[in-house]
Every structure is written in C-alpha cells, then in structure tokens.
Amino acid sequence: MAKAPLRVAVTGAAGQIGYSLLFRIANGDMLGKDQPVILQLLEIPDERAQKALTGVMMEIDDCAFPLLAGMTAHSDPMTAFKDIDYAVLVGARPRGPGMERKDLLSANAQIFTAQGKALNAVAKRTVKTLVVGNPANTNAYIAMKSAPDLPAKNFTAMLRLDHNRALSQLAAKTGKAVADIEKLVVWGNHSPTMYPDYRFATIGGQSVKSMINDEEWNKNTFLPTVGKRGAAIIDARGLSSAASAANAAIDHIHDWHCGTNGKWVTMGIPSDGSYDIPKEVMYGFPVTCENGEYKIVQGLEIDAFSRERMNFTLNELTEEQDGVKHLL
Ligand SMILES: NC(=O)C1=CN([C@@H]2O[C@H](COP(=O)(O)OP(=O)(O)OC[C@H]3O[C@@H](n4cnc5c(N)ncnc54)[C@H](O)[C@@H]3O)[C@@H](O)[C@H]2O)C=CC1
Ligand SMILES: O=C([O-])CC(=O)C(=O)O
C-alpha cells in the first residue's frame, strides 16, 4: 500500500540553499524513494521573495516529481508549519565576507523565537526540526526553548556539513574512499571552534589515526581546514556554501528518518549530559539512528587535548546561549 504523504516545511525556500534542497526533497532523496511528500514553503512577506518563491515552485512543478503530493507557499510560519512532520529551518541572514556567526545572533534570535512558537502552536506533536540557518546551534536552542510543548530532543542543528567536510579531507589524506570511513565525529558548535575528531575513525577496520600518524597535520592542517571551510567557500565563491549545505541537510534528515545501520553520524542535539556537556546545550555529538530516534555513541575516551577542544567550543556555545537568554 502506498505510504501517506509526510509534510515538510522549508523556510528560506527562495534562497540559495532552498534552490538546491527542495528539488531533492521532492525527488525522495531525504525521506525515501517510496515516501510521498507535501512541501510547505515559507519566505518572508516581501514581494520580491514571494515572487522568487513562485518561480522556484514553477520549476518544481516542471520536474513532475512522482513523489510530490502537494506544495504550498507561505509568508507566515503559523500556516507554513501546520501539521508538519519535518521542519527544515534554513531562512536566516547569511554571513557576508568578514562577518562571524555571532554577529548575526540577535537578528536571527527574533526569527527563531517566532518560528519556535509557531511550531509549538501548529506542528504535529512529533515534528522533527533541523536548523540550518546560522548560528545554527544557537538558533536551534532558541527554537527548542520557544516550543515548550514539543519534545526538546526533536530540535537539532546541522553539523553534518562539517562531518562531510572532515570525511572528504580524511579520504584525500589517506587515499581511501569516503564511503569506507567510519566512526568520525565533530564535537560542538557549527563554527570555527568545532572539534572534528578522527581518533576513533576506521577504514576497513584499521585506525585512521595510525594510518595518518601525524599530529602536526591534525592540529595545523586538518582542524583549521575543516573549521574554516565555510569562510574559505565564501572567499572563493563570494557566497556561502549552498549545494553542499543542502546535501548535508538531506543527509541529516535522511539518516534520522531512515536510520544509519549502526554507522556513526554527527548531529547537533540538545545534550543529555553525556561527555560532561551540560544538559540542553545544542552540541555536535556522534550518534547512531534507528526507528526515527538518534542515540549518542557512549563510552568514548576523551583525552586531555580533546577535552580542551571540546570545552573551547562548549564555551562559545554557552556564551551564545547566554547572549540570547533575555529573549527566551
Ligand atoms: N549549518 C550549516 O552548515 C550552514 C548554514 N548556512 C546558513 O544557512 C542560511 C541560509 O543560507 P542561504 O540559503 O545561502 O541564504 P540566502 O540569503 O540565499 O537565503 C535565505 C532566504 O531566507 C529567507 N528568509 C530570511 N528570513 C526568513 C524568515 N524569517 N522566514 C522565512 N524565510 C526567511 C530570505 O528571504 C532568503 O530568501 C544562512 O544563515 C547561512 O549562514 C549555510 C551553509 C551551511
Ligand atoms: O559560514 C557560513 O556562513 C556558511 C556556513 O555555515 C558554512 O559554509 O559552513
């Protein structure tokens, strides 16, 4: 029997990431090739943005996606989020050259307070949310805090682009296939303070750390390359990463929805206190997913260097979250 459609809201639908993301959701890349979807698309109540959204929807129509069971345009989160199963919160102001994510905090805080409240009011009680718009971890925290009637664990932030970037760097360094790398994690904030950690990673059962065996490379090349990749893309393209960000959003929700078969992935999730990360901090953790639920990989040894890196990114997150407390 055909599956009932799932409702997916995407905000910032007429933006750059939206343009790479919507077509893939409608094609079944996110929720499965047998899962019909209804797209509920939100843009700001601005004539140009709404007109651009109409154009994107015309193109989606022109793809005649067999899995697309409906599509609506919205300028108000209270209608866009009605009865949704998934929310992909992309809409935010992107960072321009020379700006850090923190600069965007207060403007974005208003957006995510309003959207959290709307999710709380009208979304399905089981709605699962991924925040992409930066500063992603803190925006996800704000949305979660603004939706007290929904399960906090269903609010997540996107660290998957960082995870994928790290995979790609490790594949290039070792000369092995990306698909063969397992047990990678990116701890903390989606910002240059993040800690991509390959101490547990394996390729065909062999330790990646011993294969590379180069702490200098880890500290002086790998960590800064992955941590500053977003800025490097902006510098090269004049625009922030879009197709790779959309791809990471697809990966994040795909794995959450369909499961990871025991493979580790990185998700930004509200901490349950694991690894001494204070409860509720929206932090990148290694997880496995099964039956629509994620579970933090437990029991990893945290050495002194890692603890220092994990605390560094934690401190930044705590500061960001303290900075928006008065708005919550
Ligand atoms: N977490 C991550 O790994 C990544 C996050 N990002 C972030 O994603 C966000 C979006 O990036 P782009 O698509 O390139 O930006 P963009 O500027 O091309 O598109 C953003 C769209 O969001 C819309 N928008 C703004 N406020 C909105 C609101 N309150 N409700 C609905 N729509 C709203 C805008 O009208 C615009 O069309 C940025 O914050 C960017 O920094 C980008 C790459 C990676
Ligand atoms: O840096 C930005 O604004 C875009 C981003 O998050 C990334 O590419 O990682």
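Counting of residues starts from 1 at the beginning of each chain's written sequence and follows it residue by residue. A letter from A marks each chain and a number from 1 marks each ligand, given out in the order of writing. Thresholds applied to this predicted model are a pLDDT of at least 70 for local features of residues and 80 or more for the giving and counting of side-chain atom pairs; totals over whole chains, interfaces and linings are not thresholded and use all residues. Neither water nor hydrogens contribute to the side-chain values; these are computed over all heavy atoms in the structure.

1. Looking at the packing of aromatic side chains
Ring pairs are drawn from Phe, Tyr and Trp, using the six-membered ring of Trp, whenever the two centres fall within 6.5 Å, and their geometry is named by plane angle: stacked under 30 degrees, edge-to-face over 60, tilted for the rest. Evaluation of the coordinates by the stated rule reveals 10 aromatic pairs. In this structure an aromatic cluster arises from ring pairing among Trp187, Tyr275, Tyr283 and Phe285. By definition, being over a ring means that NZ of Lys or CZ of Arg is both within 6 Å of the ring centre and within 35 degrees of the ring normal. Above the face of the Phe305 ring, Lys219 is positioned so that its terminal group lies 4.9 Å from the ring centre.

2. Some points on the site of ligand 1
In the neighbourhood of ligand 1, 25 residues make up the surrounding shell, with Gln16, Ile17, Glu43, Val132 and Asn134 lying closest. Whenever a nitrogen or oxygen atom comes within 3.5 Å of another N or O atom, the pair is scored as a polar contact, on the condition that within protein one atom can donate a hydrogen and the other can accept it, and that pairs from neighbouring residues in sequence are kept only if both atoms are in side chains. Here His190 contributes a side-chain N or O atom positioned 3.2 Å from an oxygen atom of ligand 1. Each accessible area is a Shrake-Rupley result for a 1.4 Å probe, and residues are judged covered by the shown protein chains and nothing else. Here ligand 1 loses 87% of its free accessible area of 870 Å² to cover by the protein chains. A run of H or I in DSSP becomes a helix once it reaches four residues, and a run of E becomes a strand once it reaches two; helices and strands are each numbered from the N terminus. Looking at the shell around ligand 1, the elements with two or more residues in it are α1 (16-26) and α4 (105-122). Whether a residue is near a molecule or strand depends on its heavy atoms: if one lies within 4 Å, it is near.

3. Some details on the domain arrangement of the protein
Structurally, the protein comprises domain 1 (6-157) and domain 2 (159-325). When each unit is reduced to the centre of its C-alpha atoms, the spacing between domain 1 and domain 2 is 23 Å. Only heavy atoms matter for contacts: two residues are in contact if any of them lie within 4.5 Å across the pair. Taken together, the contact between domain 1 and domain 2 spans 39 residues of the former and 43 residues of the latter. Counting each side, the surface lost to burial between domain 1 and domain 2 is near 3,400 Å², with a carbon and sulfur contribution of 62%. Contact with domain 2 buries area across many residues of domain 1, yet Gln16, Asn137 and Tyr141 alone supply 18% of it, more than any other trio. Salt bridge, as applied in this entry: a Lys or Arg side-chain nitrogen positioned within 4 Å of an Asp or Glu carboxyl oxygen. For the pair domain 1 and domain 2, the number of links is two salt bridges. For Glu280, the salt bridge goes to Lys145, with nearest N and O atoms at 2.8 Å. The interface formed by domain 1 and domain 2 includes 15 residue pairs in polar contact (both at pLDDT 80 or more). Domain extents, as shown, originate in an automatic or database domain assignment. Buried surface area refers to the total accessible area, computed with a probe of radius 1.4 Å, that the two partners give up upon joining, counted for both partners together.

4. A short note on the side chain of Asn137
One can find Asn137 in helix α5 (residues 136-145). If near-sequence neighbours (up to four positions away) are discounted, Asn137 is found in contact with Ala157, Leu159, Gly188, Asn189, His190, Met282, Tyr283, Gly284 and Leu317.

5. Section: the pattern of salt bridges
Using the criterion set out here, one finds 12 salt bridges in the structure. The shortest N-O distance in the salt bridge between Asp29 and Arg24 comes to 2.9 Å. Relative accessibility decides the category of a residue: with a 1.4 Å probe and only protein chains considered, values under 20% of the type maximum give buried, values over 50% give exposed, and everything between is partly exposed. The exposure class assigned to Arg24 is partly exposed, which follows from its relative accessible area of 28%. Several salt bridges share partner residues, and in doing so they unite Arg24, Asp29 and Lys33 into one network.

6. Structural notes on the nonpolar core
In terms of nonpolar packing, the biggest core is built from 42 residues, with Leu170, Trp187, Tyr198, Tyr275, Tyr283, Phe285 and Val287 touching the most fellow members. Of all the secondary-structure elements, those providing two or more residues to this core are α6 (160-174), β8 (185-187), α7 (208-212), α8 (215-227), β12 (265-270), β13 (282-290), β14 (293-296) and α11 (304-324). Aside from chain neighbours lying at most four places away, what touches Val287 is Lys263, Trp264, Val265, Met267, Ile269, Tyr294, Lys295, Ile296 and Val297. Among the nonpolar cores identified, the runner-up in size contains 35 residues, and Val10, Leu39, Ile60 and Phe65 belong to it. We call a set of buried residues a nonpolar core when its members are Ala, Val, Leu, Ile, Met, Phe, Trp, Tyr or Cys and they connect through side-chain atoms within 4.5 Å of each other.

7. Overview of the side chain of Gln35
Summarising the element assignment, Gln35 is placed in the loop between α1 and β2 (37-42). Only 2.8 Å separates the side chain of Gln35 from the backbone oxygen of Ala4, close enough to count as a polar contact. The contact partners of Gln35, leaving out residues within four places of it in the chain, are Lys3, Ala4, Pro5, Leu6 and Leu67.

8. Some points on the environment of Gly262
Relative to the helices and strands, Gly262 resides in the loop between α10 (243-258) and β12. Gly262 sits 35 residues away from Val297 along the chain, and the two C-alpha atoms are 10.0 Å apart.

9. Details of the environment of Ile142
Checked against the element boundaries, Ile142 lands in helix α5. With relative accessibility at 0%, the residue Ile142 sits in the buried group.

10. With respect to the pairing of β13
When you tally the buried positions in β13, you get eight out of nine residues, the bulk of the element. As judged from the six bridges shared by β12 and β13, these two strands associate in the antiparallel manner. Within β13, the residue paired with Val265 across the bridge is Val287. A pair of strands is labelled paired if DSSP reports no fewer than 2 bridges between them. Bridge analysis of β13 against β14 gives four bridges, and the strand direction is antiparallel.

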